[in-house]
Amino acid sequence: MKILSVVAAGLLAVMATVGVAQAQTAPAGKLNGLYVGTNVGTNFKGSSDYQVGGVVGYHITRNIAGEVTYDFNRVNRGGYNSQMVMANVLYGRNIGNTTVMPYALAGVGMGWNGLGAKTNGDTLALYNVGAGVRVNLVGNLDLDTRYRYVGAFNQTAGTNHHMVTAGINYRF
């Protein structure tokens, strides 16, 4: 719970800071169509653990997007690597007349190769829920920071964990 509070406070601080910095900027033009991106972060399993991933998404409307993510997780404490693929739906809205867009996300997918499973190589059905902030940096480049809670539909597998990432998306 303490980690969740720190993550929430961090996301609010980022939103407030970026919102003030971007207050005089008009929203990015085109917010529909294809985007791709990459991200890095942590999974909070241990101090030297990390996560890297990629995303391919499509803005259906200005406020709604669908995306597929791939994440590679390294958990040094347990000495294993794991991967997951998720299909997510995002809903967000710009803050006023800025390029700052907080959003909520939810999705389902699969995890494998030790993602909290009893034996390496098990495949698990997963879900994730979270929130993030997307900010247009320049042209078609966006900074995307997000928090996700990931869990297994089969709770006995012990896969539940928290992920915080930051990445860059390119909009076509």
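As the structure is a prediction and not an experimental result, all values here were calculated from the model. (Residues numbered from 1 in each chain as written. Predicted model: local features only at pLDDT ≥ 70, side-chain atom pairs only at ≥ 80, totals over all residues. Heavy atoms only, no water.)

J.: Sorry, what's going on with the overall build of the chain here?
T.: In terms of regular secondary structure, the chain is built from 1 helix and 8 strands. Ordered by position in the sequence, the α and β elements of the chain form the string α-β-β-β-β-β-β-β-β. Out of the 172 residues in the chain, the part that is buried amounts to 41%. A separation threshold of at least 6 residues defines the contact pool for the chain, and within that pool the share at least 24 residues apart is 55%. Counting only carbon and sulfur atoms, one obtains 67% of the accessible surface of the chain, whose full area is about 8,300 Å². (Helix = DSSP H or I, 4+ residues; strand = E, 2+ residues; numbered from the N terminus. Buried < 20%, exposed > 50% of the residue type's maximum accessible area, 1.4 Å probe, protein only. Contact = heavy atoms within 4.5 Å. Areas by Shrake-Rupley, 256 points an atom, 1.4 Å probe, with all protein chains shown as cover.)

J.: Help me out: how do you make sense of the pairing of strand β8 (residues 161–171) in this one?
T.: Burial of the side chains of β8 is restricted to one face: H161, M163, T165, G167, N169 and R171 are buried, whereas none of H162, V164, A166, I168 and Y170 on the reverse face is. Bridge analysis of strand β1 (residues 33–42) against β8 gives 8 bridges, and the strand direction is antiparallel. Opposite V40, over in β8, you have A166 as the bridge partner. (Pairing = 2+ DSSP bridges.)

J.: Would you mind going over the side chain of T165 with me for this structure?
T.: Tracing the chain through its elements places T165 in strand β8. Residue T165 is classed as buried on the basis of its relative accessible area, which comes to 6%. Leaving out residues up to four positions away in the same chain, T165 has contacts with N39, V40, G41, Q51, D144, T145 and R146.

J.: Quick question: what am I supposed to make of the pattern of salt bridges here?
T.: Side chains that differ in charge, positive against negative, can pair when their charged atoms come close. Using the criterion set out here, one finds 5 salt bridges in the structure. The closest approach of N and O atoms between D71 and R148, which form a salt bridge, is 2.7 Å. Taken together, the residues span a long stretch of sequence, with D71 in strand β3 (residues 64–75) and R148 in strand β7 (residues 141–152) at a distance of 77 residues. By the burial criterion, D71 is buried, and R148 matches it. (Salt bridge = Lys/Arg side-chain N within 4 Å of Asp/Glu carboxyl O.)

J.: Hey, could you run me through the environment of N128 in this one?
T.: Looking at where N128 falls in the secondary structure, it is placed in strand β6 (residues 123–138). With 34 residues separating them in the primary sequence, N128 and H162 have C-alpha atoms 9.5 Å apart. For N128, the contacting residues outside a window of four places in its chain are M86, N88, L105, A106, G107, V108, R148, Y149 and V150. A polar side-chain atom of N128 sits 2.8 Å from a polar atom in the side chain of N88. (Polar contact = N/O pair within 3.5 Å; in protein donor to acceptor, adjacent residues only side chain to side chain.)

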